[in-house]
Amino acid sequence: MSGLQDKVVIVTGGARGIGAAAAARMAQDGAKVVIADLLEEDGRKTADALGGLFVQHDVTSEAGWASVVETVTGAYGRIDGLVNNAGVACNSLIENESLEYFEQVLKINLTGVFLGIKAVIEPMKAAGGGSIVNISSAAGLTALPFTSAYGASKWGVRGLTKIASVELGRYRIRVNSIHPGMTYTPMTAEVTQLGEGLFPLAALGRVGVPEEIGEAISFLVSADSSYVTGAELAVDGGWTTGENVMLAQVEAQTAEARSS
Ligand SMILES: NC(=O)c1ccc[n+]([C@@H]2O[C@H](COP(=O)([O-])OP(=O)(O)OC[C@H]3O[C@@H](n4cnc5c(N)ncnc54)[C@H](O)[C@@H]3O)[C@@H](O)[C@H]2O)c1
């Protein structure tokens, strides 16, 4: 039997992109998935396709979280998993970033994760345990320019994950973070291109697809990772492992020298 069979899993930001791919992967393994997203049309379409439930939800609302928990426990009687995936990006130098946008990004990407963790503790305790997977980023492992708000939120998610893991282990609630690298989704479609060799910053030389992140999320939600908590898993093609771009430059220079 799969480690996800009949597990009830909430995926925030699950209407599209990485969240939708994770939900699809888990539904394939027998999970009952709940898509919690601001986007109603996409969210309903994704949930319907997976035989799941859609709840319109803003992760920054504490009252909204109480209502999600009530709806899900009302429908399925329990909550076993939570994927805190909803997020927004930013693309400014600190000197150009507004306080308003900085705070908005933190509210969605970090406070939203805090509220989500807090909301599911009681239902997960009642279920005898659970698994929470927080979606941080490569930007939560290294210092990427143009990401002050986003990077700060994702470093925060990484730390919050570890604190939650040590506090909640006694309730058999596991908490881990995933750190996707550049992944082709609606969030990044304007600045990325799919294809071998088109992302030399990563050791694998390409951007990822949502299904590759969904696979890792599914593993950490499922009972197949029953002894993993407080971990951070980079799913980034090796982007944050080393100086891949230097290697690409050296190879390009060598090729140029050979051809001249
Ligand atoms: N795509 C990448 O390259 C990449 C890399 C690293 C990390 N991530 C992270 O992965 C997660 C998913 O990103 P994606 O690329 O699939 O983006 P996406 O924009 O395709 O999906 C994000 C989803 O979150 C939802 N959302 C935004 N604000 C919300 C709110 N306040 N309440 C509820 N839902 C909200 C959106 O409606 C959308 O459906 C994000 O946390 C993102 O930071 C993405």
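Residues numbered from 1 in each chain as written. Predicted model: local features only at pLDDT ≥ 70, side-chain atom pairs only at ≥ 80, totals over all residues. Heavy atoms only, no water.

Enquirer: Run through the packing of aromatic side chains, naming residues and quoting values.
Expert: Under the definition given, this model contains one aromatic pair. With a centroid separation of 5.3 Å and an interplanar angle of 85 degrees, the aromatic rings of Phe 199 and Trp 239 are classed as edge-to-face. Here the residue Phe 199 occupies a position in the loop between β6 (173-180) and α6 (210-221), and Trp 239 occupies one in the loop between β7 (232-235) and α7 (244-259), the gap between them amounting to 40 residues. Comparing Phe 199 with Trp 239, the two get one shared label, buried. Above the face of the Tyr 171 ring, Lys 125 is positioned so that its terminal group lies 4.3 Å from the ring centre. Across the ring face of Trp 155, the terminal group of Arg 158 is positioned such that the distance to the ring centre comes to 5.0 Å. (Phe/Tyr/Trp six-rings, centres within 6.5 Å; stacked < 30°, edge-to-face > 60°. Helix = DSSP H or I, 4+ residues; strand = E, 2+ residues; numbered from the N terminus. Buried < 20%, exposed > 50% of the residue type's maximum accessible area, 1.4 Å probe, protein only. Lys NZ or Arg CZ within 6 Å of the ring centre and 35° of its normal.)

Enquirer: Go over the site of the ligand with me, naming the residues and quoting the values.
Expert: Around the ligand, the structure places 28 residues, and the nearest of them are Arg 16, Asp 37, Asn 85, Tyr 150 and Thr 185. Interatomic distance of 2.8 Å between a backbone N/O atom of Ile 18 and an oxygen atom of the ligand. Asp 58 is positioned with one of its side-chain polar atoms (N or O) 3.0 Å from a nitrogen atom of the ligand. Here the ligand, which alone exposes 830 Å², has 95% of that area covered by the protein. (Near = heavy atom within 4 Å. Polar contact = N/O pair within 3.5 Å; in protein donor to acceptor, adjacent residues only side chain to side chain. Areas by Shrake-Rupley, 256 points an atom, 1.4 Å probe, with all protein chains shown as cover.)

Enquirer: Tell me what's going on with the packing of helix α3 (residues 62-76) against helix α4 (residues 99-126), and back it up with residues and numbers.
Expert: Running from N to C, α3 and α4 cross one another at 35 degrees; their axes reach a closest spacing of 10 Å. Considering the relative orientation of α3 and α4, their crossing is right-handed. Along its contact with α3, which presents Glu 62, Trp 65, Val 69 and Thr 73, the element α4 presents Gly 112, Leu 115, Gly 116, Lys 118, Ala 119 and Pro 123. Partitioning the contact of α3 with α4 into residue classes produces five nonpolar, three polar and two charged. (Axes fitted to C-alpha atoms, helices over the stretch in contact; angles between N-to-C directions. Left-handed = near helix turned anticlockwise from the far one by under 90°. Contact = heavy atoms within 4.5 Å. Nonpolar A, V, L, I, M, F, W, Y, C, P; charged D, E, K, R; others polar.)

Enquirer: Break down the nonpolar core for me, with residues and values.
Expert: Among the nonpolar cores identified, the biggest contains 27 residues, and Ile 10, Ile 132 and Leu 168 are the most heavily contacted of them. Elements that contribute at least two residues to this core include exactly β1 (8-12), β2 (32-37), α3, α4, α5 (148-168) and β6. If one sorts the elements of this core by residue count, α4 sits on top with eight residues. If we ignore the near neighbours within four places in the chain, the residues touching Leu 168 are Ile 117, Ile 121, Ile 132, Ile 173 and Val 175. With 22 residues, the next largest nonpolar core counts Ala 23, Ala 27, Ile 35 and Val 221 among its residues. (Core = buried A, V, L, I, M, F, W, Y, C linked by side-chain atoms within 4.5 Å.)

Enquirer: Lay out the UniProt feature "domain: Ketoreductase" (unreviewed entry) in the protein chain with the relevant residues and their values.
Expert: When the UniProt feature table is mapped to this numbering, "domain: Ketoreductase" (unreviewed entry) covers residues 7-171. The span residues 7-171 carries 52% helix and 15% strand; its end-to-end C-alpha distance comes to 17 Å. (UniProt positions renumbered as here; feature names shortened; annotations may be inferred.)

Enquirer: If you had to explain the packing of α4 against α5 to someone new, which residues and values would you point to?
Expert: Where α4 contacts α5, the two axes come as close as 8 Å, and the packing angle between them is 15 degrees. Taken together, α4 and α5 sit at an angle that is classed as roughly parallel. Crossing of α4 against α5: the hand is right-handed. Residue-level inspection shows Phe 102, Val 105, Leu 106, Asn 109, Leu 110, Val 113, Phe 114, Ile 117 and Ile 121 of α4 in contact with α5, the latter providing Ser 148, Ala 149, Tyr 150, Ala 152, Ser 153, Lys 154, Gly 156, Val 157, Leu 160, Ala 164 and Leu 168. Its residues placed into classes, the contact of α4 with α5 shows 15 nonpolar, four polar and one charged. (Parallel < 35°, antiparallel > 145°, perpendicular 65-115°, else oblique.)

Enquirer: Would you mind going over the pattern of salt bridges in detail, with residue names and values included?
Expert: A side chain of one charge can pair with a side chain of the opposite charge when the charged atoms of the two come close. A complete count under the given rule lists 11 salt bridges for this structure. Here Asp 80 and Arg 78 are joined by a salt bridge, their closest N and O atoms 2.7 Å apart. Classification of Asp 80 as buried rests on a relative accessible area of 7%. Within the structure, one salt-bridge network assembled from shared partners comprises Arg 25, Asp 29 and Glu 215. (Salt bridge = Lys/Arg side-chain N within 4 Å of Asp/Glu carboxyl O.)

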